[in-house]
Amino acid sequence: VRPILKAYCLDCHGAEEKPKGKLDLRLRRFLAAGGRGGPAIVPGHGSKSLLVERLKSGEMPPGEKKVPPEQVAVIQRWIDAGAPT
């Protein structure tokens, strides 16, 4: 999961001193704590996780480079499994 987040998300949500939307995706605990929109993940419930919703809708990441559906599925399965580290 980390390579996917690094490739598509961490430029805005982890590489800067002040992550966009106050959401830092570098660590699991930061994902669970969330940002301005609330928790990014709900461990054990990928379909209820804001991260998965935003990726599936195409809302995130902004621009042309989107996370492929098979990689979104990997993230959802990880969250469904409790987002183990």
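Before going into details, it helps to say that this report is about the structure given with it. Please read these numbers as outputs of a predicted model, since none were measured by experiment.

**Some remarks on the side chain of Gln76**
Following the sequence through the fold, Gln76 ends up in helix H4 (residues 69-80). With a relative accessible area of 16%, Gln76 lands in the buried category.

**So, the pattern of salt bridges**
A complete count under the given rule lists 2 salt bridges for this structure. In this structure, Glu59 and Arg54 form a salt bridge, with 3.4 Å as the shortest nitrogen-oxygen distance. The exposure class of Glu59 is partly exposed, given its relative accessible area of 44%.

**Quick word on helix H3 (residues 50-57)**
Buried within H3 we find Leu51, Val52 and Leu55. Projected down its long axis, H3 carries its buried residues within an arc of 95°, all on one side. Close packing links the buried residues of H3 with helix H1 (2-8), helix H2 (28-33) and H4. A positive phi of about 85° marks Gly58, the residue just after H3.

**Notes on H4**
The end-to-end C-alpha distance of H4 is 16 Å, a good match for the 16 Å that 12 residues give at a rise of 1.5 Å each. A positive backbone phi angle near 100° is found at Gly82, which sits one or two residues after H4.

Calculation notes
- Residues numbered from 1 in each chain as written.
- Predicted model: local features only at pLDDT ≥ 70, side-chain atom pairs only at ≥ 80, totals over all residues.
- Heavy atoms only, no water.
- Helix = DSSP H or I, 4+ residues; strand = E, 2+ residues; numbered from the N terminus.
- Buried < 20%, exposed > 50% of the residue type's maximum accessible area, 1.4 Å probe, protein only.
- Salt bridge = Lys/Arg side-chain N within 4 Å of Asp/Glu carboxyl O.
- Arc of directions from axis to C-beta.
- Contact = heavy atoms within 4.5 Å.
- Expected span 1.5 Å × (residues − 1).

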